[in-house]
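Breakdown of the fold
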Amino acid sequence: MPSRRRALVIGIDDYPSMPLHGCVNDANAIASLLEANHDGSPNFEVVLRTSETAQITRAQLRSDLERLFAHGSDTDVALFYFAGHGTENDLGGYIVTPDFESGDEGVNLSEILSRANASAAKECVIILDSCMSGALGASPSANNNAASVSEGVSILTAARAGQTAAEINGNGMFTELVCAALEGGAADVLGNVSAAAVYTYVEEALGAWDQRPLFKAHLGKVESLRKTSPSVSVQTLRLLPTWFPTADHIFPLDPEYEDTQPNSDPTKVAIFKQLQKCRDAKLVEAVDEEFLYFAAMNSTGCKLTLLGQRYRKLAAERRI
């Protein structure tokens, strides 16, 4: 069955007179993560092009982008990733190819966005690790940051317009964080990683004096970019309606739930360990106590958070 998720991944180090040293590494790392989920199941069908193995020209890149975004509504996600030089002028921002010329540095960011906006794919994701990449979606003629982003399109860039993007120890700092997010750092309870979650992870990791990532999106439904190991097993989530018959139910606890107590009950201890994982995932919280341990020792209880109520509802409706 043909993949419904397609990705074009580009990494360019080999620029005349101004080589880079981490972009090929970045592209290889991103491609490897996108190709398969955490459990090894196939994810994106990836076309990987790097300056290490191929000559990447303006014409080649435009052709690749046209094919990526030309797929029809049978495509769930069309993703474009680029690591390399970026620049901007009075006509906007560009991703730079090695055959750049003055006034024609590569592919204009507005051209990339236009292709994504016109795509019939359910979701289009553009991730750029290049200097000045935040110019994507901006209107240079109006000198503002207003973006024209069609529904289903999201943009994640390493830096704002006018900012540079750093390389550290053979990798782009931005892409290193994106990889960590895709490996599970930005996963939700079920292990799904979305573009919005990747941005949140990257933004929180970068300090106020670092380059600032940018996220622009117009999304009605968020697709997962990669599935990682869930923080709470589906089997445990399916027990939430049993433990909490109603959304506001208080699950009673007592010292028999705590395995350090001499009168602990093995059945209760097993349940308590699962509740603690739910607590770590912010699905449950102790009643009138800071920690579940004290809720058990003081015989109070625990209750669902608003997030926990959502997953209880999903389990009750057998949607997980």
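Everything discussed here concerns the structure shown above.
A few points on the structure. (Residues numbered from 1 in each chain as written. Predicted model: local features only at pLDDT ≥ 70, side-chain atom pairs only at ≥ 80, totals over all residues. Heavy atoms only, no water.)

**Things to note about the overall build of the protein**
- Secondary structure assignment for the protein yields 10 helices and 16 strands.
- Counting the 320 residues in the protein, one finds 48% classified as buried.
- Surface summary for the protein: the accessible area is close to 15100 Å², and the carbon and sulfur share equals 50%. (Helix = DSSP H or I, 4+ residues; strand = E, 2+ residues; numbered from the N terminus. Buried < 20%, exposed > 50% of the residue type's maximum accessible area, 1.4 Å probe, protein only. Areas by Shrake-Rupley, 256 points an atom, 1.4 Å probe, with all protein chains shown as cover.)

**Considerations on the pairing of strand 8 (residues 153-157)**
- Of all five residues making up strand 8, five are buried, and the element is well covered by its neighbours.
- Both faces of strand 8 are covered, namely the face carrying Val153, Ile155 and Thr157 and the face carrying Ser154 and Leu156.
- One ladder, built from five bridges, connects strand 7 (residues 123-129) with strand 8; its direction is parallel. Across the sheet, the residue bridging to isoleucine 126 is isoleucine 155, located in strand 8.
- With five bridges connecting them, strand 8 and strand 12 (residues 214-218) associate as antiparallel partners. Following the sheet pairing, valine 153 is matched in strand 12 by histidine 218. (Pairing = 2+ DSSP bridges.)

**With respect to the sheet that holds strand 14 (residues 251-252)**
- Sheet architecture is open: three strands sit in the order 14-16-15, paired in antiparallel fashion. Taken across any chain shown, the strands that pair with only one partner, and hence form the sheet edges, are strand 14 and strand 15 (284-286).
- The pairing of strand 14 with strand 16 (residues 301-304) spans two bridges and is classified as antiparallel. Residue pairing for strand 16: proline 252 is matched across the bridge by glycine 301.
- Packing of helix 8 (residues 266-280) onto the sheet brings it into contact with strand 14, strand 15 and strand 16, and relative to strand 15 it is tilted by some 105 degrees. (Contact = heavy atoms within 4.5 Å. Axes fitted to C-alpha atoms, helices over the stretch in contact; angles between N-to-C directions.)

**What to know about the pairing of strand 3 (residues 77-83)**
- Among the seven residues that make up strand 3, seven are buried, leaving the element largely enclosed by the rest of the structure.
- As paired strands, strand 1 (residues 5-11) and strand 3 are joined by seven bridges and run parallel to one another. When the bridges of strand 3 are listed, leucine 8 appears paired with phenylalanine 80.
- Pairing of strand 3 with strand 7, which is carried by seven bridges, proceeds in the parallel orientation. Looking across to strand 7, one finds that phenylalanine 80 is bridged to isoleucine 126.

**Notes on the packing of helix 2 (residues 58-70) against helix 3 (residues 109-118)**
- At a minimum axis distance of 9 Å, the contact between helix 2 and helix 3 shows a crossing angle of 20 degrees. Classed by the angle they form, the pair helix 2 and helix 3 counts as roughly parallel. The crossing of helix 2 and helix 3 is right-handed. Seen from helix 2, the contacting residues are Arg62, Leu65, Glu66 and Phe69; seen from helix 3, they are Glu111, Ile112, Arg115 and Ala116. (Parallel < 35°, antiparallel > 145°, perpendicular 65-115°, else oblique. Left-handed = near helix turned anticlockwise from the far one by under 90°.)

**Points about the nonpolar core**
- In terms of nonpolar packing, the biggest core is built from 60 residues, with Leu34, Phe69, Leu79, Phe80, Ile95 and Leu182 touching the most fellow members.
- In this view, phenylalanine 80 contacts Leu8, Ile10, Leu61, Leu65, Leu68, Phe69, Ile95, Ile112, Val125, Ile126, Ile127 and Leu128; residues no more than four positions away in its chain are not counted. (Core = buried A, V, L, I, M, F, W, Y, C linked by side-chain atoms within 4.5 Å.)

**Looking at the pattern of salt bridges**
- Scanning all chains against the criterion turns up 15 salt bridges.
- In this structure, the salt-bridge partner of aspartate 76 is lysine 122, at a minimum N-O distance of 3.6 Å. One end of the pair, aspartate 76, is in the loop between helix 2 and strand 3; the other, lysine 122, is in the loop between helix 3 and strand 7, with 46 residues separating them in the sequence.
- By relative accessible area, which is 16% here, aspartate 76 ends up buried.
- Of the charged contacts in the structure, one is a salt bridge between arginine 279 and aspartate 280, with a shortest N-O distance of 2.7 Å. (Salt bridge = Lys/Arg side-chain N within 4 Å of Asp/Glu carboxyl O.)

**What about a nonpolar patch on the surface?**
- On the surface, a nonpolar cluster with roughly 280 Å² of combined accessible area is contributed by Phe291, Tyr293 and Phe294.
- Its location among the elements puts tyrosine 293 in helix 9 (residues 292-297). (Patch = residues over 30% accessible without salt bridge, like charges linked within 9 Å, V, L, I, M, F, W, Y side chains within 5 Å.)

**Focus on helix 5 (residues 195-205)**
- All of the buried residues along helix 5 are Ala195, Val198, Tyr199 and Val202. Summarising the axial view, the buried residues of helix 5 lie within an arc of 100 degrees, below the 170-degree limit, and thus occupy one face.
- Residues of helix 5 that are buried in the fold lie against strand 7, strand 8, helix 4 (173-185), strand 11 (192-194), strand 12 and strand 13 (224-227). (Arc of directions from axis to C-beta.)

**Some thoughts on the side chain of aspartate 26**
- Of note, aspartate 26 is situated in helix 1 (residues 23-35).
- There is no salt bridge for the buried aspartate 26, and the closest opposite charge comes from arginine 226, which lies 15 Å off by N-O distance.
- When sequence neighbours within four positions are dropped, the list of residues in contact with aspartate 26 reads Tyr81, Ala83, Asp129, Asn171, Gly172 and Thr175. (Lys, Arg positive; Asp, Glu negative; His and termini not counted.)

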